[in-house]
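Spelled out, the chains give:
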Amino acid sequence: MPIGAQHEPHLSEQVSAIRQFNRFYTARLGLLRRRHLDGDFALTEARILYEVGASPSTTASALRQILELDAGYISRLLSALTRRKLVRQAASESDAREKHLTLTATGTEAVARINRQSAKHIETMLARLTVADREAMVTALARVRFILAESSKPPVRIERLSSSSSQALDLLHEYYEAVHVVQRDTPAGIRKMLKALDSGMWLAFLADEVVGCVVLRKLDSIPHAAECKRLYVRPTARGNRIADKLLDAMEAFARSRHIQWIYLDTYDDLKTAIALYERRGYMRCERYNDNPQATLFMRKHLG
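Every value quoted in this text rests on a predicted model; they were computed, and no experiment measured them.

A. Spatial organisation of the packing of aromatic side chains. Applying the stated criterion across every chain, the model contains 8 aromatic pairs. Geometrically, the ring pair formed by Phe21 and Phe24 is tilted, given 6.2 Å between the ring centres and 40° between the ring planes. Placement of both Phe21 and Phe24 in helix α1 (residues 8-28) is noted, with a separation of 3 residues, approximately one turn of the helix. Residue classification places Phe21 among the partly exposed positions, given a relative accessible area of 46%. Within the aromatic cluster, the residues linked to one another by ring pairs are Phe21, Phe24 and Tyr25. Its end group placed over the ring of Phe205, Arg157 keeps NZ or CZ at 4.3 Å from the ring centre.

Here it is, written out as structure tokens:
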């Protein structure tokens, strides 16, 4: 229900209650101290180290999305942690704009120390509570997290193109550069593909911004089959299940056209993409095309 003028006093009380709780728990958890847990790091530094340790080979873009921090600020913190020999940065082979982040041995030791200190701090706080109160608090926190996470997700919209567009061509060019594609589609080839009844291209929109794409092409060499190509999600939009939603739309269209098999090719270094395909039921198969860059071939039976 929209918040009208008659609800403003009630909303004001809610805002005040949340602010009051924020003041309470930031002090209780020691978040106002110069160094987190009286250790060697500020709170943001400690959190970055934790995220890098929890997700080896993560990127600055992924951290920016998770932590909701400015790109410049993230970059400065990562540079400082790298200089302190806590974080290692390596160029991504699949996306020249990104660097994979991992912890050094020193960084791993630092994260282990932070985790021990944090666990001890929380255990001390929980020791003052009854078992029932602890369970009630954990349940309440889980509910708060669920409510805030669901309300903060931007809407994802998937659309099938009826004609070529500058947005589609720009996104395809970005994809080509990110994964160093040799065999690239021409604008004329894209237009021809979009006119084919059993082919198509889908774009993903996140809050009205184009952030992903996938292409389906009819395979003339294999009966009742098509090929999935150009699956790409911009790094800043990852973590919203956009790749899954693009594949959902593409596979639903294929079923409507009575396509029985979807084939795709990739290469061994794209571990995340391969894991996604396997999770969705794509199985490894024999080479079916002459793509010089492909090292792995997969297919899925739609039924």
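B. Inspection of the sheet that holds strand β4 (residues 200-206) at higher detail. With respect to topology, 7 strands assemble into an open sheet ordered β3-β4-β5-β6-β7-β9-β8, the strand pairing being mixed. What marks the edges here is a single partner per strand, and that holds for β3 (156-160) and β8 (283-284). Contacting β6 (225-233), β7 (261-266), β8 and β9 (296-301), helix α10 (residues 271-279) crosses the sheet at an angle of about 25° to β9.

C. Fine view of the packing of helix α2 (residues 43-54) against helix α5 (residues 105-126). One can describe the packing of α2 onto α5 by two numbers: an axis separation of 10 Å at closest approach and a directional angle of 110°. Here α2 lies roughly perpendicular to α5, going by the angle between them. Our pair here, α2 against α5, has a crossing hand that is left-handed. Counting all contacts with α2, which are made through Ala46, Leu49 and Tyr50, the residues of α5 involved are Val111, Ile114 and Asn115. Residues belonging to the contact of α2 with α5 are distributed by class as follows: 5 nonpolar, 1 polar and no charged.

D. Expanded view of the nonpolar core. Counting residues in hydrophobic clusters, the biggest one holds 28 residues, and the most contacted among them are Leu216 and Met250. Elements supplying a minimum of two residues to this core: β4, β5 (209-218), β6, α9 (242-256), β7, α10 and β9. Looking at this core, the element that brings in the most residues is α9, giving 7 residues. Contacts of Met250, omitting those with residues within four sequence positions, involve Trp202, Val214, Val215, Leu216, Cys228, Ile262 and Tyr282. The next biggest cluster of nonpolar side chains, apart from the first, holds 21 residues, and it includes Ala168, Val181, Val210 and Cys213.

E. Highlighting the pairing of β5. In terms of burial, β5 is largely enclosed, as 7 of its 10 residues are buried. Connecting β4 to the next strand, β5, in antiparallel fashion are 2 residues, including Ala207 with a positive phi near 50°. Two elements, β5 and β6, share 6 bridges in a ladder whose sense is antiparallel. Bridge pairing in β6 places Val215 opposite Lys229. Between β5 and β6, which follow one another and run antiparallel, lie 6 residues, and His224 among them has a positive phi close to 55°.

Reading the values: the criteria
Counting starts from 1 at the beginning of each chain's written sequence and moves along it residue by residue. Reporting of local features is limited, given that this is a predicted model, to residues whose pLDDT is at least 70; pairs of side-chain atoms are given and counted only at 80 or more, and all residues count toward the totals for whole chains, interfaces and linings. Just so you know, side-chain values use all the structure's heavy atoms and leave hydrogens and water out. Here a pair means two rings of Phe, Tyr or Trp (six-membered ring of Trp) with centres within 6.5 Å. Their orientation is stacked below 30 degrees between planes, edge-to-face above 60, and tilted elsewhere. A run of DSSP states H or I qualifies as a helix once it reaches four residues; a run of E qualifies as a strand once it reaches two. Both are numbered from the N-terminal end. Classification of residues uses two cut-offs on accessible area relative to the type maximum, computed with a 1.4 Å probe and protein chains only: under 20% is buried, over 50% is exposed, and between them is partly exposed. Put simply, a charge is over a ring when the Lys NZ or the Arg CZ is close to the ring centre, within 6 Å, and near the line of the ring normal, within 35 degrees. The criterion for strand pairing is that DSSP finds at least two bridges linking the strands in question. We call two residues in contact when some of their heavy atoms are within 4.5 Å. Only C-alpha atoms enter the line fits that serve as axes; for helices the fit covers just the stretch in contact. Angles between N-to-C directions range over 0 to 180 degrees. For this classification, under 35 degrees means roughly parallel, over 145 means roughly antiparallel, 65 to 115 means roughly perpendicular, and everything else is oblique. Note: crossing handedness is left-handed where the near helix turns anticlockwise from the far helix by less than a right angle, and right-handed where it turns clockwise. Just so you know the grouping, Ala, Val, Leu, Ile, Met, Phe, Trp, Tyr, Cys and Pro go in nonpolar, Asp, Glu, Lys and Arg go in charged, and all remaining residues, Gly too, go in polar. Residues belong to a common nonpolar core when they are buried Ala, Val, Leu, Ile, Met, Phe, Trp, Tyr or Cys residues joined through side-chain atoms within 4.5 Å.

That is the geometry; function is a separate question.
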